[in-house]
Each structure stands twice: as structure tokens, then as C-alpha cells.
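Tertiary structure, described
Letter by letter, the chains look like this.
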Amino acid sequence: MAELGLTAASYALEGTPLLDKVDLQIERGERIGLVGRNGAGKSTLLRILSGALEPDTGTVSRRQGLSVAELPQEVPRALDGTVGAQLGHALDGGVLTPREIETRIAQTVSRLGLEREASVADLSAGIKRRVLLARALIVEPDLLLLDEPTNHLDIEAIFDLQDMLLQYRGALVFVTHDREFLRRLATRILDLDRGALRSYPCDYTTYLARREALLEAEAREQALFDKKLAAEEVWVRRGIRARRTRNEGRVRALEAMRETRGARRDVAGTVQGRLQDAERSGRIVVRTEALCHAFDERPVVDQLTTTIVRGDRIGIIGPNGCGKTTLLRLLLGELPASSGHVHHGTSLEVARFDQLHAVLDDTKSVRENVCDAGDTVTIDGRPRNIVGYLEDFLFTREQIRGSTQQLSGGERNRLQLARLLARPCNLLVLDEPTNDLDVETLEMLEAWLAGFSGTLLVVSHDRAFINNVVTSTLVFEGEGRVREYVGGFDDWVRQRPTAALAPAAVKKQPRPRPVRQGPRRLTFKERRELEELPARIEALEREKSALAAAMAGADFYKRPGPEIAADTARLETVEADLTDLYARWETLETIASAER
């Protein structure tokens with residue numbers, strides 16, 4: 001029996017169906033990534049799965065005794081007591097002994113970098129989210145629901161979270177904008193789009209290819225439908241008398257086509273725009289000499305000497321609290337250095353994206369945050385109506401007139417992007433721009449940055465984003481040391497000294513095996529194994545191809561949930577076995593070659 005199931009479940013918000021008769025089966029051990037545009041209804045679906053919200057129609061079935069824990073996207077205001085007390089409350093009413101409770105609390109606060117005696121009310125919003133994440137993980141539920149779990153986590157914490165979730169034996173459903181997190185964790189993708197929920201029993205990379213093919217096929221079908229509808233409309237306008245018996249069927253078919261077209265929900269548009277380049281800055285943008293800054297005698301930046309030249313794209317990497325935002329403020333001259341010097345180049349036009357949305361005024365409307373009391377913004381030297389401009393960023397007219405305070409996290413980030421693109425700049429500063437953005441908007445932002453001719457400074461824990469947009473990194477390596485590396489996140493991992501590697505990342509690196517002294521020869525058993533490996537690999541490759549072909553068929557998802565889950569699990573097993581067999585073959589073949 002499935003852990004949880006939805007049958008013909010529907011839910012609408014202000015008349016817009018977020019879920020339209022969706023079916024879903026969640027099996028034990030699945031790690032399901034839920035994807036979709038901002039506002040598609042992902043958080044609503046998680047709330048229905050948790051039991052916090054009931055669907056308008058349809059049924060929700062849960063296995064008897066199923067335990068569920070969740071991490072909401074927004075931090076509740078009523079959080080008090082210490083971190084340890086919050087975790088203890090989560091374990092109240094269970095069957096654990098006091099000693100087991102103590103052990104779990106100690107392990108959880110250590111893994112997530114929390115201080116057990118810290119007062120939750122005094123913590124930042126980001127650390128409060130860590131407390132909520134700890135509270136969900138500590139109970140080890142049968143079904144774990146996580147809404148943007150990587151928000152405000154640094155790279156080391158994200159690695160640790162990945163490790164915990166890869167070892168988690170229950171069912172997991174999570175929403176995240178972090179594409180690398182999705183690639184590493186998800187064994188199935190759920191795509192929520194225009195009220196429909198499609199299941200892709202594959203990893204995230206394979207899902208992207210399958211979804212693209214599905215959307216292309218859908219576009220072709222709709223184009224043919226629209227062409228036929230247009231032809232039928234022409235036929236009606238020519239005056240054919242519908243009352244004639246021989247034409248009544250055709251008229252009824254036309255009316256049905258009109259209803260079908262009226263009920264269609266087209267694919268949501270993408271954010272439109274591009275960065276406006278200001279007049280070129282001088283060649284030297286920022287130069288630092290022995291730059292130092294400390295808080296309470298604790299060094300944050302120590303003896304940083306670097307030169308940022310026009311066109312540089314620099315990512316700033318480091319754990320939470322190390323001083324990344326402080327470094328940005330020092331480089332921009334917003335914060336005086338304890339010692340050392342910061343020199344700025346000429347003709348700098350700075351635009352900044354702030355992770356705390358401090359540039360947004362919640363007392364103003366959405367439109368006023370972009371153009372104050374005016375009706376236009378200037379784009380490429382030409383006036384543009386503010387309503388049309390903000391509609392390019394997927395805001396509705398009601399939102400444009402409404403208060404900024406009513407916007408979600410992703411919508412506030414889109415509004416900041418709209419502000420940025422309305423002003424020419426040659427030095428762009430982005431402080432955690434990816435939080436709460438959907439993947440399509442993230443990819444659009446990356447495309448804008450690719451076409452930007454100015455200088456970029458970006459703080460982000462999103463590994464894929466860093467890899468895609470920067471050409472070098474400034475990395476905090478402890479005790480105020482900031483070191484520069486060429487390339488993005490993956491390039492830093494390859495270049496950095498072992499001591500600078502985060503503990504969680506160390507666990508990801510293959511450990512060198514001891515090398516035997518003297519020549520190594522195959523044993524009799526290994527020689528027979530080497531002879532049999534090609535046939536074993538060929539058999540598994542055939543099975544993998546057959547499973548993949550079956551999953552690509554239109555009827556695959558009409559089968560019972562347990563059968564779908566069994567085939568999906570078998571495909572994962574086959575792929576893992578193939579990886580092991582290819583590695584074993586390479587090892588044995590290398591030894592055999594040395595003998596010859």
C-alpha cells in the first residue's frame with residue numbers, strides 16, 4: 001500500500017484551479033522533487049499532503065499510522081523558547097527514552113550548526129528556518145515534506161542536508177529552486193503546471209529532456225487544433241444554415257471546440273527583459289590593499305589585496321556568518337575598513353540586489369517601488385508604461401496596484417529584478433538573488449547576466465548558478481582569510497587546498513585506497529569474473545533499455561501505483577549495478593593489461 005495517495009483532487013484559489021483532478025501515489029523510500037512556476041500551487045499541494053489543507057473535491061488516503069513532518073516556506077511568527085526546547089517539543093508524545101531524545105537533539109543541532117541554548121526569538125529568519133528544518137528531521141517521520149529547504153543554508157550545510165536525506169528511509173517530497181540539489185536527490189519529478197500534475201520517474205536531468213519533448217508535442221497539437229477551429233469559424237461566417245439537418249452535427253462540433261479552446265490554460269509566459277548597460281566604467285573597478293575588518297576583535301576580512309577590473313564576474317563563497325555581505329559593503333565603500341585601503345574606479349553606476357529586500361518599501365505599491373509616482377520607466381532610452389513593464393515580470397494588474405507587503409518571497413525577488421533592469425548600471429551586485437525564484441526565472445536571470453557587459457559581484461550558495469555565471473571566486477577560508485580562485489564552484493573544489501574544503505564536501509571525495517607493493521596479478525576467480533563481465537553488462541543494458549522504453553510509453557502511468565514504483569526502483573537498481581560493473585571491469589582489465 002502507498003504511504004499517501006490523492007484521487008481526483010482539486011483545489012482553486014480565487015477561481016483559478018491550482019490542482020485540477022490530480023492523482024498521486026507516494027511510495028516509501030521515494031525522493032520526489034516537486035517543480036513548477038512560482039504561484040503554480042506547489043506549497044498548496046504540500047499543505048494538502050500534510051493534512052493542513054483539504055482539497056475542494058477528491059480524496060486523500062493515508063496509510064494507517066502514517067507520521068508526517070513538514071518544513072513550511074514561511075517562518076511562523078510564534079516561535080519561542082530555546083532551540084533545544086523546540087526540538088524537545090517535536091519529540092513529545094513519542095516512544096523514545098530520555099537518553100534517546102538527548103542523543104537525537106545533540107546529533108541534530110550538530111548537523112545543522114545550531115546552538116542548543118540559543119533563544120529562537122532572537123535568531124535571524126535564516127537560522128529560524130534551520131530550527132524548523134531540524135524540528136522536521138528529528139522526528140524521523142514516514143513522510144517528510146520540505147518547502148525550499150536550502151534557502152539561507154550555506155554550502156556546507158547543504159552538503160550535510162543532502163547526506164541526511166540520501167540516508168533517509170522514509171518518503172520525501174521537496175520543493176527547491178536549487179537545481180544541483182534536485183539532481184543529486186530526486187528519484188522522481190512531479191511537475192505541477194496549469195493545475196495538472198505529471199509524474200516523471202527519472203532524475204532531474206532526464207526530466208528536463210522529457211518535459212521539453214512533451215511541451216513541443218503539446219504545442220504542435222494545439223496549433224493543429226487552432227487551425228481547424230479557425231477553419232470552422234470561417235465556415236460559419238460564410239452563412240451556412242445551421243438548421244439544416246446535414247449541418248447540425250458540424251455546428252455542435254464547432255461549439256464543443258469553442259468550449260475546449262475556452263477551457264485551455266496556455267503555458268505561463270516567462271519573465272521578459274534584459275540588463276541595461278550604463279556608460280563603461282574605468283578599467284579598474286575596485287582595488288583593495290591589505291584590507292582588514294573585524295567585529296569585536298574577531299577578524300572578518302584579513303589582509304585582502306585584490307583588483308577587480310571591468311568585466312570581471314566574481315562569486316563570493318563561504319559559510320553563513322563568515323562576512324560575505326560585509327565584504328560586499330567594504331568593496332562598495334558602505335562600511336569603513338578597520339585598516340587597509342579600498343580604491344574605486346571612475347564612472348561607476350552601481351545596481352544592487354539585496355537578500356533581505358531592504359531596497360523594497362512595503363508602504364508603497366508594487367508600481368511605486370519601481371517608478372515612484374510616475375507612469376513610465378525608461379528602457380534603452382525610451383519611455384515604457386509601468387503596467388506593461390511589470391506585466392513582463394508576470395505581475396497581474398491587481399498586484400501592480402497592490403501593496404508590496406502582500407507579495408511572496410519569489411514575487412519580491414522578481415520585483416527587485418524589475419527595479420534592477422529599469423536602471424542602467426556597469427557594476428551589478430547580487431546578494432543571494434536565487435532564493436524563492438522558480439527554475440525558469442533563474443535560467444532567464446542567467447541569460448541576462450550572460451549578455452551583461454559590466455562587472456558582476458554575486459553572493460550565492462546555489463552551486464549551479466555560481467558555475468553558470470562567474471569567472472572567478474573569492475572564498476572565505478576561516479579566520480578572515482579570503483582567497484581568489486579561477487572559475488566557478490566546481491573549479492574551486494578542484495583547486496582549493498584540502499584544509500579549505502568544507503567537512504561535508506570531504507566526505508564526497510573518493511578516498512585513495514592503499515597501493516600494494518610489487519606487481520599485482522589476477523587471481524583465478526578474478527580472471528573468470530573478467531570473462532563473464534561483458535555478458536552481465538550486456539544483459540543489464542538490455543534490461544535498462546526495455547525499462548526506459550516502457551516508461552516512455554503513454555500507458556505506463558495508467559498502471560497501478562505499486563507496479564510503477566516497482567519498475568522505477570528496478571531501473572534505479574539496474575543503473576547502480578551497471579555503474580559498479582563498469583568500474584569493476586575497468587579495474588580488472590587494468591590489472592590484466594599490466595600482466596601482458
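Residues numbered from 1 in each chain as written. Predicted model: local features only at pLDDT ≥ 70, side-chain atom pairs only at ≥ 80, totals over all residues. Heavy atoms only, no water.

Thoughts on the overall build of the protein
Helix and strand content of the protein: 19 helices and 20 strands. Each of the 596 residues in the protein was classed as buried or not, and the buried ones make up 46%. Long-range contacts, defined as pairs at least 24 residues apart, comprise 68% of the intrachain contacts of the protein with a sequence gap of at least 6. (Helix = DSSP H or I, 4+ residues; strand = E, 2+ residues; numbered from the N terminus. Buried < 20%, exposed > 50% of the residue type's maximum accessible area, 1.4 Å probe, protein only. Contact = heavy atoms within 4.5 Å.)

Some points on the sheet that holds strand β1 (residues 4-13)
Spatial ordering of the open sheet is given by β2-β1-β4, a layout of three strands whose pairing is antiparallel. With one partner strand each, in any of the chains shown, β2 (16-26) and β4 (57-62) form the two edges of the open sheet. Going across the sheet, the axis of each strand differs from the next one's by a mean of 20°, ignoring polarity. Note that β1 and β4 share five bridges and pair antiparallel. Residue Thr-7 lies in a different strand from β4, and its bridge partner there is Thr-59. (Pairing = 2+ DSSP bridges. Axes fitted to C-alpha atoms, helices over the stretch in contact; angles between N-to-C directions.)

Some thoughts on the pattern of salt bridges
Within this structure, the stated rule accounts for 25 salt bridges. In this structure, the salt-bridge partner of Glu-30 is Arg-188, at a minimum N-O distance of 2.8 Å. Here Glu-30 is found in the loop between β2 and β3 (31-35), whereas its partner Arg-188 is found in strand β8 (residues 188-193), with 158 residues between them in sequence. The buried category is assigned to Glu-30, whose relative accessible area is 11%. Residue Arg-188 is classed as buried on the basis of its relative accessible area of 8%. With a closest N to O distance of 2.5 Å, Arg-494 and Asp-491 form a salt bridge. Pair noted here: Arg-494 and Asp-491 are both in helix α16 (residues 489-495), with a separation of three residues, about one helical turn. Overlapping salt bridges, with partners in common, bring together Glu-3, Arg-63 and Asp-142 in one network. (Salt bridge = Lys/Arg side-chain N within 4 Å of Asp/Glu carboxyl O.)

Points about the packing of aromatic side chains
Tallied over the entire structure, the rule returns seven aromatic pairs. Look at Phe-159 and Phe-489: their rings are 6.4 Å apart centre to centre, the planes differ by 35°, and that puts the pair in the tilted class. Taken together, the residues span a long stretch of sequence, with Phe-159 in helix α5 (residues 155-167) and Phe-489 in helix α16 at a distance of 330 residues. Looking at Phe-159, the relative accessible area reads 6%, which means it is buried. Between Tyr-200 and Tyr-207, the aromatic rings sit 5.0 Å apart at their centres with planes inclined by 75°, giving edge-to-face as the arrangement. Under the relative-accessibility criterion, Tyr-200 is labelled buried at 5%. Look at Tyr-207 and you get buried, because its relative accessible area is 4%. (Phe/Tyr/Trp six-rings, centres within 6.5 Å; stacked < 30°, edge-to-face > 60°.)

Points about the confidence of the model for the protein
Looking at the protein as a whole, the pLDDT averages 82, with 87% of positions reaching at least 70. Here residues 501-518 is a poorly scored stretch, pLDDT under 50, and it has 17 contacts once near neighbours within four places are set aside; other chains count. (pLDDT = per-residue confidence, 0-100.)

Observations concerning the sheet that holds strand β14 (residues 350-353)
Here we have six strands laid out as an open sheet, ordered β14-β17-β18-β12-β19-β20, and mixed in their pairing. Taken across any chain shown, the strands that pair with only one partner, and hence form the sheet edges, are β14 and β20 (482-486). Between one strand axis and the next, the sheet turns through 15° on average, direction left out of account. Pairing analysis gives four bridges linking strand β12 (residues 313-317) to strand β19 (residues 472-476), with the strands arranged parallel.

Topic: helix α3 (residues 98-111)
Across its 14 residues, α3 extends 20 Å between first and last C-alpha, which sits within 8% of the 20 Å expected from 1.5 Å per residue. Buried within α3 are the following residues: Arg-104, Ile-105, Thr-108 and Val-109. End-on view of α3: buried residues confined to an arc of 120°, all on one side of the axis. Across from the buried face of α3, at angles greater than 90 degrees, the exposed residues are Arg-99 and Ser-110. (Expected span 1.5 Å × (residues − 1). Arc of directions from axis to C-beta.)

Considerations on the side chain of Gln-86
Tracing the backbone through its elements, the reader meets Gln-86 in helix α2 (residues 83-90). Here Gln-86 is in contact with Leu-79, Asp-80, Val-120, Val-131 and Arg-135, once residues within four sequence places are set aside.

Some points on the environment of Arg-397
Mapping Arg-397 onto the fold places it in helix α12 (residues 397-401). Sequence separation of Arg-397 and Val-366 is 31 residues, and the distance between their C-alpha atoms is 10.0 Å. Once residues lying within four places of it in the same chain are set aside, the contact partners of Arg-397 are Val-387 and Glu-391. Polar contacts involving the side chain of Arg-397 include one to the side chain of Glu-391, which spans 2.8 Å. (Polar contact = N/O pair within 3.5 Å; in protein donor to acceptor, adjacent residues only side chain to side chain.)

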